[in-house]
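Reading the structure
Chain by chain, the residues:
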Amino acid sequence: MKSILIITFLVFTTLEGILAQRSGPQFAFPSSQPQSDSSEPNQPASFDNYQPPARPNAQPVDLPPTRREPPKNLPPPNRYEPPPQTSNKPPKSVRQSSSPAQTVTIARDYDCPERSGFFPHPKSCDKYYACENSTAVLKVCGNGLVFDDSDSLRENCAYPFSVDCGDRTDLEPPISTPNCPRLYGIFPHSSDCKVFYSCWNGDANKYECPPGLAYDDQQRVCVWADLVERCDQLELAEGFVCPDPSEVDQPGHYTRHAHPTDCRKFYVCIENVARPYGCSFGTVFNVDTLQCDDPENVPGCEKYYGDVDPKTAKKLKGSN
C-alpha cells in the first residue's frame, strides 16, 4: 500500500511539471522582418537578420587598446621614400647669385662676423668668405671679376668698374684667352678702336660701334671717335679732310658732306674734324637735301641696292 502511494505521488509530480512548461521559447529576439499576426507562437525565432536594438542616448565608451596603435602619417605601402637629407644651402635670408666662383677652400682661421653671409677678404678684392652656420669657406671670383661687399646677404661677383674695392687692391693673376685678357670682362680690340669684346668664361663676343663712333674703355660705351685718343682720326675718316667752313654754304655748327664713292655714307664735320656716318638700310645720302633719302630720288644712286626695291629692302632689314 505504501509503495502504491509513493508511485502515485511521483506520477502526479511528473505530470504537473510537464503541464507547467511554456509552449514557446523563454526569450523573444526581434527580427528585422515584421511578423504577421498569423505566425504560430510555437514557431522558433529566426536569427539570420538579427540586429540589436538601438540604445537610447548611448554614449561611446573608450576602451583601452588591446595592442599598440601604429604611428600616423605612414607612407603608402610599396612606395619608396628617400631618407631626409641635410641641406648644404644657406638660410633663405641669404641670397645667392650666379656669379662664378673659381675656387673654394675651407677657412679654418676665419671668424665669421655673423652666422651666415658673405664677407670681403681684407686684402684681395676678388676673394671673399662665405659663412654658413658660423663655418667659413674662402672663395675666389671668376678671373676678371671682383666681390661686391655692399650686401652681406648677397653673393655677388661683378665687373671691377662697378665695385669700390677700397684698400682691397690685390687680385689674382690674369688668365687670358684670345681677345680676352681675363676670363670675364669687357675689353677693347688691340688695334681697331671701333671694336670691343665681351668675355664670359673666356669666350669672346665681338661688337663694333656704329660709323663715326669708337669704344671708350673708360666709359665703356661708344662715343665720337675723335674723342678716343687711341683712334687714328685720319683712318676713321677714311682720308676725308673737312673743307674750310668759309667755303661751305651750310647753316649751323656742323656741315655734312657726301662720301666720294659710297652713296650710303657721308661725313659730318665738327670743328674741322670729320666724323663718318651712314644712312639706314634702304636709303642713301641726298647731297641736295643733306638728308637720307630713297635711292630713286638721288641721281646716280638709283641702283645702289641693285634690283631690290628700296622699300622691300627696308622690310627685309627690319625682319632680320
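Residues numbered from 1 in each chain as written. Predicted model: local features only at pLDDT ≥ 70, side-chain atom pairs only at ≥ 80, totals over all residues. Heavy atoms only, no water.

What about the overall build of the protein?
- Tallying secondary structure elements over the protein gives three helices and 18 strands in all.
- Looking at the 320 residues of the protein, the share that counts as buried comes to 29%.
- Considering only contacts within the protein whose residues lie at least 6 apart along the sequence, 38% involve residues at least 24 apart. (Helix = DSSP H or I, 4+ residues; strand = E, 2+ residues; numbered from the N terminus. Buried < 20%, exposed > 50% of the residue type's maximum accessible area, 1.4 Å probe, protein only. Contact = heavy atoms within 4.5 Å.)

Details of the state of the cysteines
- Tallying each qualifying case throughout the model produces nine disulfides.
- Disulfide partner of Cys242: Cys269, at an S-S distance of 2.1 Å. A torsion of -95 degrees about the S-S bond marks the disulfide between Cys242 and Cys269 as left-handed. Of this pair, Cys242 sits in the loop between helix H2 (233-236) and strand E14 (254-258) while Cys269 sits in strand E15 (residues 265-270), placing them 27 residues apart in sequence. Side by side, Cys242 and Cys269 carry an identical accessibility label, which is buried. (Disulfide = S-S within 2.5 Å.)

Section: the environment of Glu296
- Mapping Glu296 onto the fold places it in the loop between strand E18 (291-293) and helix H3 (310-319).
- Glu296 sits in the exposed class, given a relative accessible area of 59%.
- In sequence terms Glu296 and Val284 are 12 residues apart; their C-alpha atoms lie 9.4 Å from each other.

Topic: the side chain of Arg182
- Note that Arg182 resides in the loop between strand E8 (157-158) and strand E9 (185-188).
- In this structure Arg182 is buried but unpaired, with Asp126 as the nearest side chain of opposite charge at 5.4 Å.
- There is a polar contact of 3.0 Å between the side chain of Arg182 and the backbone oxygen of Glu172.
- Those residues in contact with Arg182 that sit more than four places away from it in its chain are Asn143, Gly144, Leu171, Glu172, Pro173, Pro174, Ile175, Phe187 and Cys199. (Lys, Arg positive; Asp, Glu negative; His and termini not counted. Salt bridge = Lys/Arg side-chain N within 4 Å of Asp/Glu carboxyl O. Polar contact = N/O pair within 3.5 Å; in protein donor to acceptor, adjacent residues only side chain to side chain.)

Quick word on the nonpolar core
- Of all hydrophobic cores here, the largest spans 10 residues; its members are Phe118, Tyr128, Ala130, Val137, Cys141, Leu145, Phe147, Cys157, Leu183 and Tyr184.
- Only strand E4 (127-132) and strand E5 (135-141) provide two or more residues apiece to this core. (Core = buried A, V, L, I, M, F, W, Y, C linked by side-chain atoms within 4.5 Å.)

Considerations on the pairing of strand E3 (residues 117-120)
- Where E3 meets E4, four bridges bridge the pair, whose relative direction is antiparallel. Following the sheet pairing, Pro120 is matched in E4 by Tyr128. (Pairing = 2+ DSSP bridges.)

Some words on the sheet that holds strand E10 (residues 195-200)
- Across the sheet, three strands lie side by side as E9-E10-E11; this open sheet has antiparallel pairing. The strands lining the two open edges of the sheet, one partner per strand, are E9 and strand E11 (203-208). If you compare each strand with its neighbour and ignore which way they point, the axes differ by 25 degrees on average. (Axes fitted to C-alpha atoms, helices over the stretch in contact; angles between N-to-C directions.)

Observations regarding the sheet that holds strand E16 (residues 273-278)
- Ordered by their spatial adjacency, three strands build an open sheet running E14-E15-E16, and the pairing between neighbours is antiparallel. The open sheet has two edge strands, E14 and E16, and neither has a second partner. Sheet twist, expressed as the mean angle between neighbouring strand axes with direction ignored, is 30 degrees.
- Strand direction decides the pairing type here: E14 and E15, joined by five bridges, are antiparallel. Note on E15: the bridge partner recorded for Thr255 is Cys269.

Section: the side chain of His259
- Looking at the element boundaries, His259 is found in the loop between E14 and E15.
- Side chain to side chain, His259 and Tyr267 meet in a polar contact 3.3 Å long.
- Leave out the neighbours within four places in its chain, and His259 touches Glu238, Lys265, Phe266 and Tyr267.

Here's the deal with the environment of His121
- Its location among the elements puts His121 in the loop between E3 and E4.
- For His121, a relative accessible area of 14% translates into the label buried.
- The sequence separation of His121 and Leu138 amounts to 17 residues, and the corresponding C-alpha distance is 8.5 Å.
- Setting aside residues no more than four positions away along its own chain, His121 makes contact with Lys127, Tyr128, Tyr129, Leu138 and Arg168.
- Here Lys123 takes part through its backbone nitrogen, which lies 3.0 Å from a polar atom of the side chain of His121.

Examining the pattern of salt bridges
- In the structure shown here, the tally under the stated rule is four salt bridges.
- Ionic pairing is found between Glu172 and Lys127, a salt bridge with its closest N-O pair at 3.5 Å. Within this pair, whereas Glu172 is found in the loop between E8 and E9, its partner Lys127 is found in strand E4, the two being separated by 45 residues in sequence.
- For the salt bridge of Lys139 with Glu155, the shortest nitrogen-to-oxygen distance reads 2.9 Å. Of the two residues, Lys139 sits in strand E5 while Glu155 sits in strand E7 (residues 154-155), which places them 16 residues apart along the sequence. One exposure class covers both Lys139 and Glu155, and it is buried.

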